[in-house]
Amino acid sequence: MSLQVRDNRSLATPSAPSASANGGFVQGLGLTSATTLVMGSMIGSGIFIVSADIARTVDSPALLLGAWLVTAFMTIIGALSYGELAAMMPRAGGQYVYLREGLGPLWGFLYGWTLFLVIQTGTIAAVAVAFGKFLGVFYPAISAKNWIWHVAHVPPFHWGPMVLGNMDVGLSTQSLVAVLIVVTLSVINIFGVRTGALIQNIFTIAKISALAGLVALGVFLGRNATALAANFNGHFWRNAGLSALHPVQVGSSDAVVFVGTLTILAVAQVGSLFSADAWNNVTFTAGEVRNPSRNLPLSLALGTGVVLLLYVLCNVIYLSVLPLDGSAAGATILDRGIKYASEDRVATAVMEQMFGVTGGYLMAFAIMISSFGCNNGLILSGARVYYAMAKDGLFFRKVGDLHPKYRTPVVSLMVQMVWTCILCVSGSYGQLLDYIVFAVLVFYILTILALFVLRVKRPTAERPYRAIGYPVLPAIYIVMALFIDVVLLRYKPQFTWPGLIIVLLGLPVYFVWSRQGRMAAEPSSS
């Protein structure tokens, strides 16, 4: 059978795929599990940390909330748009499949390549290391500086606007914990999608409860007169006017330019968009979702809506408990404020302000729960993309094999696990994460563009759900995302160009894989 024949057969999209139609996967994910996968993949450690950097960037209580509201608006539009594609093509691989069918196999491959090399595995590594970092709050021996085997320190290397290197390679007690988390969750997810979904449900419910608890405690116990006066009493709209100018450091140079409010909001999206990312991961597991034409769009809408509401409310609480401004040399939590919370751990500072040291321990435990559940969702879903690529002849052939008993992509899980563990001990995951927001936005733009293309190419295709607000809302998303990417290219080239280079490195790899796939298909065609 030729590759072309196989691809054509993959286009059949019944609303309830049979076991053969979904590639032999077990459809073990209902609406609840699909929704917790959306929420659990989104909530990692970002919401507890990145508001400090956003506050330093925008220097305004209103713009701090504005950054999160922009992220919420864009993410919900993206989720509603993806819902149509997910219901139309409920196949393992999700976004990879949408790009392949809408824009061509090259674009699907470049997405899968970047996902494997940086986006998914780098995020898994970072979240696993965050788990180890907060476990160190309880066990100080677990630290990035407590080396078991220190290989070398890679010095910084300046290349144009980029600074590469400047990382330690080796195994510390913190990275050992990260590796153990990745290996444990990867092995657990071999034993059936229902097992992974059960863990996801438990930990997602726990961390949603923790976020809701943070909001409730802030409302009833945490409001601080000093913070309220500093952030709201006549100061809320400070520096938020459209004519206001904001300083931005250009790249890694010392050059500082002044930009408008809309531009500074685009720059600030790096933190908030990263914290809200991975909502699309449920589409990777589409072949294992029951009644996907209903449950995929609904889980995307419900999951993103709940999480983003909590994210905005958490930032309201931050502003109610801590002043936005502060000093890095401040002696107390209030003196440091949101901008200079210790190690940027804003949520921890909020809890310590309310409950002292006990509050810090409670938040550390909550972040550990959040990180564990987030990684389970990322590991479960990411492996389905490489599986779909292998089925198309664009990845190692064995990666397209399912476990004979549990019907899970066991080889894909193991390949993902090995590369993630390498990133954990290489010390490179932090730099890789700096590069991904630009690349992630590029692929979101292309995928929503594929929605428009498929409306033209396949007007009669079955669409159990149609994107709300089409074509206006998807077009608005594309314009906003393009604006953010252009701003990041201009003012944050040290992050954007490496991300673009990683994507482009996939071009020669694609042509090698596709040529090998054609050669393998020729004997069966003849």
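Overview of the structure. Everything numeric in this text was worked out from a predicted model, so none of it was measured. (Residues numbered from 1 in each chain as written. Predicted model: local features only at pLDDT ≥ 70, side-chain atom pairs only at ≥ 80, totals over all residues. Heavy atoms only, no water.)

1. As for the overall build of the protein chain
No. 1: The helix and strand tally for the protein chain stands at 20 helices and four strands.
No. 2: Its C-alpha atoms give the protein chain a radius of gyration of 23 Å, within 12% of the compact-globule value 24 Å for 526 residues.
No. 3: The C-alpha extent of the protein chain, read off along each of the three principal axes, is 75 × 55 × 45 Å.
No. 4: Within the protein chain, buried positions represent 58% of all 526 residues.
No. 5: For the protein chain, contacts bridging at least 24 residues in sequence account for 79% of all contacts bridging at least 6.
No. 6: Total accessible area on the protein chain stands at roughly 20400 Å², and carbon and sulfur atoms take up 68% of it.
No. 7: Taken together, the 31 basic and 20 acidic charged side chains of the protein chain have centroids lying 10 Å from each other. (Helix = DSSP H or I, 4+ residues; strand = E, 2+ residues; numbered from the N terminus. Rg over C-alpha atoms; globule rule 2.2 N^0.38 Å. Buried < 20%, exposed > 50% of the residue type's maximum accessible area, 1.4 Å probe, protein only. Contact = heavy atoms within 4.5 Å. Areas by Shrake-Rupley, 256 points an atom, 1.4 Å probe, with all protein chains shown as cover. Lys, Arg positive; Asp, Glu negative; His and termini not counted. Charge placed at Lys NZ, Arg CZ, Asp CG, Glu CD.)

2. Re the pattern of salt bridges
No. 1: Across all of its chains, the model carries 15 salt bridges by this definition.
No. 2: Residues R345 and E343 are paired through a salt bridge, measuring 3.8 Å at the closest nitrogen-oxygen approach.
No. 3: The exposure class assigned to R345 is buried, which follows from its relative accessible area of 17%.
No. 4: Residues joined in a network through salt bridges with shared partners are D59, R238, D325 and K339. (Salt bridge = Lys/Arg side-chain N within 4 Å of Asp/Glu carboxyl O.)

3. Comments concerning empty space enclosed by the protein
No. 1: Using the criterion set out here, one finds three cavities of 30 Å³ or more in the structure.
No. 2: For the lining of the largest cavity, the secondary-structure elements that each account for two or more residues are α4 (61–88), α10 (261–275) and α17 (429–457).
No. 3: Per element, the largest residue contribution to the lining of the largest cavity is five residues, and it comes from α17.
No. 4: Of the residues that constitute the lining of the largest cavity, the class distribution is 11 nonpolar, one polar and one charged.
No. 5: In this model, the second largest cavity occupies a volume close to 50 Å³.
No. 6: Secondary-structure elements contributing two or more residues to the lining of the second largest cavity are α17 and α19 (493–504). (1 Å grid on protein atoms, 1.4 Å probe; cavity = no way out; pocket = protein on both sides within 12 Å on 5 of 7 lines; lining within 4 Å. Points joined across faces, edges and corners; volume = space filled by probe spheres on them. Nonpolar A, V, L, I, M, F, W, Y, C, P; charged D, E, K, R; others polar.)

4. With respect to the packing of α4 against helix α12 (residues 292–321)
No. 1: Where α4 meets α12, the axes come as close as 8 Å, and the angle between the chain directions of the two elements is 175°. On the basis of the axis angle, α4 is roughly antiparallel to α12.
No. 2: Among the residues making up the contact of α4 with α12, the classes are represented as 22 nonpolar, six polar and no charged. (Axes fitted to C-alpha atoms, helices over the stretch in contact; angles between N-to-C directions. Parallel < 35°, antiparallel > 145°, perpendicular 65-115°, else oblique.)

5. Concerning the packing of helix α8 (residues 193–222) against helix α14 (residues 346–355)
No. 1: Between α8 and α14, whose axes approach to 11 Å, the crossing angle comes to 40°. Relative to α14, α8 is oriented oblique. By crossing handedness, the relation of α8 to α14 is classed as left-handed. Within the contact between the two elements, α8 uses L214, L217, G218, L221 and G222 and α14 uses A347, V350, M351, M354 and F355.
No. 2: In terms of residue class, the contact of α8 with α14 is made up of eight nonpolar, two polar and no charged. (Left-handed = near helix turned anticlockwise from the far one by under 90°.)

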